Amino acid sequence: MTHPLPGFPPPQIRRLVIKIGSALLVDPAGQVREDWLRTLVADIAARKAAGQQIIIVSSGAIALGARRLNLPKGGRGSLEDAQAAAATGQIALSQCWASLLHAQGITAAQMLVTLDDLEHRRRYLNASATLDRLMALDVVPVVNENDSVATAEIRFGDNDRLAARIGQAARADAVVLLSDVDGLYSANPHVDANAMFIERIETIDARIMAMADGGSASGMGSGGMTSKIEAAKIATGAGTHLAIISGKIDAPLSHWEQGGRGSIFLAAPVRRARKGWLAGRLTVRGRITVDAGAERALSKGNSLLPAGVAQVDGVFARGDVVDILAPDGRVIARGLSEYDSTDAAKIAGRRSEDIAALLGTMPRSVLVHRDHMALV
Ligand code: GLU
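Please read these numbers as outputs of a predicted model, since none were measured by experiment.

Peer 1: Any chance you could explain the overall build of the chain here in plain terms?
Peer 2: Along the chain, the regular secondary structure elements total 14 helices and 15 strands. Its C-alpha atoms give the chain a radius of gyration of 22 Å, near enough to 21 Å, the size a compact globule of 376 residues would have. Expressed as a percentage of its 376 residues, the buried residues of the chain come to 51%. Relative to all contacts within the chain whose residues are 6 or more apart in sequence, the contacts with residues 24 or more apart total 73%. For the chain, the exposed surface amounts to about 16,500 Å²; the carbon and sulfur share of it is 50%. Taken together, the 42 basic and 39 acidic charged side chains of the chain have centroids lying 4 Å from each other.

Below, the structure is given as structure tokens:
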């Protein structure tokens, strides 16, 4: 595995998610810290110019909205307050991102998602496809949790884990959490003079978990080190590196790239991570038997095209997990189906060019995309 260099340079890291916490975006008086943000956007523009695709996960809606509505406890006193604050703050937040990115010649897009959106397979695939399309169109998506509709039980609540899940959905190479701390310490550096800085984390074990302090240092966002380590677990398990770096300085990405401090959690090998995710977390709803040509194509790492399908069994929806079987009945792969079972049966054995006529819709060209498939 090629180890990432400090700064996740563009050639190695093609697709990068950058998460910005509330305390960096909003000052204690409730105003956007525009001067700082401009330096970050300049960093982003430089990375884009170097060929990197960027997705922003931005907090700050609740902090901004709370101030405008004069709500107590930074808008976090009750769920209703947080939802009203988020709705009020989000519109200002997107305006700010859109205009700062525009000033660098970059088109911004907004995506507001809930935890449920990313847990539900079909919506997860849709979010993933939208992110892909935006990247292809050279747009920078600005993502936040849709706090004004998410209920207490189905909230991320912190954007650290949201950023990790977005990284997974976007198949990003890395996630960077810009924070008010510069990384992970063996103990709380504010109270323990012997606290050691941890630069590289290969495995997130009980020892690493114990280093988290819980709670948010700034009191403005909701993520402390615990949610950052949880985010690191999600990201690395999905084959994505995650870094925590300080956003307390101007141009934080170039500062880091030039040798600034940061903690890097290294990704688990991708195949194992995807296999674990597919094997462990979802129910298999259907079986797709392929012909010998498709079996060979899959073993080389290609996607499954409808043309290679001999038979479809079971009742499944788009986004459900299906087993893929060789002509002799052996399970050779498992993946997420891009079509439901009725449509999959209709297009089995047919060439991609015929699918539009058969289904009457603009088709997805593959039945199971290689990025959503694990060979077994
Ligand atoms: N989604 C929340 C906001 O925009 C932030 C959550 C967090 O604190 O990470 O205000």
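Structure shown, so let's carry the discussion forward.
Peer 1: Would you mind going over the sheet that holds strand E14 (residues 331-336) with me for this structure?
Peer 2: Pairing between sheet strands relies on hydrogen bonds along the backbone, with the strands arranged either parallel or antiparallel. Taken in spatial order, the 5 strands make up an open sheet running E12-E11-E13-E14-E15, and their pairing is mixed. With partners counted over all chains shown, the strands left at the sheet margins are strand E12 (309-314) and strand E15 (373-375), one partner each. Between one strand and the next, the sheet's axes are offset by a mean angle of 20 degrees, whatever the strand orientation. Across 5 bridges, the pairing between strand E13 (residues 321-325) and E14 is antiparallel. Bridge pairing in E14 links Ile 324 to Ala 333.

Peer 1: Before we go on, may I ask you to explain the confidence of the model for the chain in this structure?
Peer 2: For any part of a model where pLDDT is low, the fine detail of the predicted coordinates should not be relied upon. Summarising the model, the chain shows a mean pLDDT of 87, and 90% of its residues fall at 70 or more. Segment residues 214-220 is flagged for pLDDT under 50; beyond a separation of four residues in sequence, or across chains, it makes 18 contacts in the model.

Peer 1: What should I look at first to understand the sheet that holds strand E4 (residues 140-145) in this one?
Peer 2: Strand order in this open sheet of 8 strands is E3-E4-E2-E1-E5-E9-E10-E8, and the pairing throughout is mixed. The open sheet has two edge strands, strand E3 (108-113) and strand E8 (200-201), and neither has a second partner.

Peer 1: Sorry, what's going on with helix H4 (residues 79-103) here?
Peer 2: Quick reminder: α-helices carry 3.6 residues per turn. Residues three or four places apart thus point the same way. The end-to-end C-alpha separation of H4 is 35 Å, in line with the 36 Å expected for 25 residues at 1.5 Å each. Maximum bend of H4: about 30 degrees, positioned at Gly 89. Taken from the residues just after H4, Gly 105 is the one with a positive phi, measuring 75 degrees.

Peer 1: I tried to follow the packing of aromatic side chains on my own but got confused; where do I start?
Peer 2: Each aromatic ring pair is specified by the distance between its two centres and by the angle formed by the two planes. Summed over all chains, the structure comprises 1 aromatic pair. For the cation-ring pair, Arg 261 lies above Phe 197, with the distance from its terminal atom to the ring centre recorded as 4.2 Å.

Peer 1: How should I be thinking about the packing of helix H7 (residues 159-169) against helix H9 (residues 225-237) in this particular structure?
Peer 2: Helix-helix packing is characterised by the crossing angle of the two axes and by the distance between the axes. Running from N to C, H7 and H9 cross one another at 10 degrees; their axes reach a closest spacing of 8 Å. Between H7 and H9, the interaxial angle falls into the category roughly parallel. Of the residues in H9, those touching H7 at Asp 160, Arg 161, Ala 164, Arg 165 and Gln 168 are Ser 227, Lys 228, Glu 230, Ala 231, Ile 234 and Ala 235. For the contact of H7 with H9, a count of residues per class yields 4 nonpolar, 2 polar and 5 charged.

Peer 1: I would appreciate a short explanation of the pattern of salt bridges in the present structure.
Peer 2: Any two side chains of opposite charge can pair, given that their charged atoms come close. According to the stated counting rule, one finds 18 salt bridges in the structure shown. The salt bridge involving Lys 19 is made with Asp 160; its shortest N-O contact spans 2.8 Å. Of this pair, Lys 19 sits in strand E1 (residues 15-20) while Asp 160 sits in helix H7, and the two are 141 residues apart along the sequence. Asp 160 matches Lys 19 in its accessibility class, with the two residues each being buried. Accessibility expressed as a relative area gives 0% for Asp 160, which makes it buried. One network of salt bridges, in which partners are shared, links Arg 15, Asp 132, Arg 171 and Asp 371.

Rules used in this analysis
All residue numbers refer to positions counted from 1 along the written sequence of the respective chain. pLDDT decides what is reported in this predicted model: residues at 70 or higher carry local features, side-chain atom pairs at 80 or more are listed and counted, and totals for whole chains, interfaces and linings draw on all residues regardless. Side-chain metrics in this entry use all non-hydrogen atoms of the structure; hydrogen atoms and water are not considered. A run of H or I in DSSP counts as a helix once it spans at least four residues, and a run of E counts as a strand once it spans at least two, with each numbered from the N terminus. Both definitions apply: the radius of gyration is a C-alpha atom measure, and the globule rule equals 2.2 Å times residues to the power 0.38. Think of it in three bands: with a 1.4 Å probe and only protein chains considered, a residue is buried below 20% of the maximum accessible area for its type, exposed above 50%, and partly exposed in between. Contacts between residues were defined by any pair of non-hydrogen atoms, one from each residue, lying within 4.5 Å. Surface exposure here means Shrake-Rupley accessible area, sampled with a 1.4 Å probe, where a residue is shielded only by the protein chains that are shown. Counting rule for charge: Lys and Arg are taken as positive, Asp and Glu as negative, and neither His nor the chain ends is counted. Positions of charges follow a simple convention, taking NZ of Lys, CZ of Arg, CG of Asp or CD of Glu. Paired strands are those between which DSSP finds at least two bridges. With axes taken as lines fitted to C-alpha atoms, and helix axes fitted only over the stretch in contact, angles between N-to-C directions fall between 0 and 180 degrees. pLDDT expresses, on a scale from 0 to 100, how confident the predictor is about each individual residue. Given a helix with a known number of residues, its expected span is that number minus one, times 1.5 Å. At every residue, the bend is computed as the angle between two fitted axes, covering the seven residues ending there and the seven beginning there respectively. In this scheme Phe, Tyr and Trp rings, the latter by its six-membered ring, pair at centre separations within 6.5 Å, and the angle between planes marks the pair as stacked below 30 degrees, edge-to-face above 60, and tilted otherwise. Whether a charge sits over a ring comes down to the Lys NZ or Arg CZ being within 6 Å of the ring centre and within 35 degrees of the ring normal. Note that the term roughly parallel is reserved for angles under 35 degrees, roughly antiparallel for angles over 145, roughly perpendicular for angles of 65 to 115, and oblique for everything else. Only Asp, Glu, Lys and Arg are considered charged in this grouping, and only Ala, Val, Leu, Ile, Met, Phe, Trp, Tyr, Cys and Pro are considered nonpolar; every other residue, Gly among them, is considered polar. Salt bridges are defined as contacts in which a side-chain nitrogen from Lys or Arg sits within 4 Å of a carboxyl oxygen from Asp or Glu.

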